[in-house]
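# Observations on the model geometry
Letter by letter, the chains look like this.
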Amino acid sequence: QVQLVESGGGLVQAGGSLRLSCAASGRTFSTLNVGWFRQAPGKEREFVGDISWTGDNINYADSVKGRFTISIDNAKTTVYLQMNSLKPEDTAVYYCAARLGGPGYRFAYWGQGTQVTVSS
């Protein structure tokens, strides 16, 4: 099993930055893929991006491309989501999730979420 814990959320003004962390523990695999998702009240859960455990494959949703950066520190088993140029529409609960491969695998492990609020 894989346990995930998000941290780093908070309140920030539009145009500001935040860095979210997703700490992984338990069993991990070289094929592990970690994704970031977000969900605003009344909205569907939205894919933000994901990264392979090796860090050589990273994908972003169009809505965040160019503003958000996903990285991984394998030694710390932590995945980061650096969010720059934040907009009010980025306000949501952000979750990290893990799956045992890339596309075609289900995100079976989820963190508890961390709130990001962007004020205008």
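Description of the structure in this document. (Residues numbered from 1 in each chain as written. Predicted model: local features only at pLDDT ≥ 70, side-chain atom pairs only at ≥ 80, totals over all residues. Heavy atoms only, no water.)

## A word on unusual backbone geometry
Of note in the backbone geometry, Ser 85 takes a positive phi value of approximately 50° without being a glycine. Within the secondary structure layout, Ser 85 lies in the loop between strand 8 (78-83) and strand 9 (92-99). (Helix = DSSP H or I, 4+ residues; strand = E, 2+ residues; numbered from the N terminus.)

## Examining the packing of aromatic side chains
Taken as a whole and judged by the stated rule, the model has five aromatic pairs. Between Tyr 95 and Trp 110 the ring centres are 6.4 Å apart and the planes differ by 75°, which places this aromatic pair in the edge-to-face class. With Tyr 95 in strand 9 and Trp 110 in strand 10 (residues 109-110), the pair connects residues that are 15 residues apart, well separated along the chain. By relative accessible area, which is 18% here, Tyr 95 ends up buried. Taking the relative accessible area as the measure of exposure, Trp 110 reaches 34% and is therefore partly exposed. Chaining the aromatic ring pairs together yields one cluster made of Phe 37, Phe 47, Tyr 95, Phe 107 and Trp 110. Taking NZ or CZ as reference, Arg 45 lies 5.0 Å from the ring centre of Tyr 95, over its face. (Phe/Tyr/Trp six-rings, centres within 6.5 Å; stacked < 30°, edge-to-face > 60°. Buried < 20%, exposed > 50% of the residue type's maximum accessible area, 1.4 Å probe, protein only. Lys NZ or Arg CZ within 6 Å of the ring centre and 35° of its normal.)

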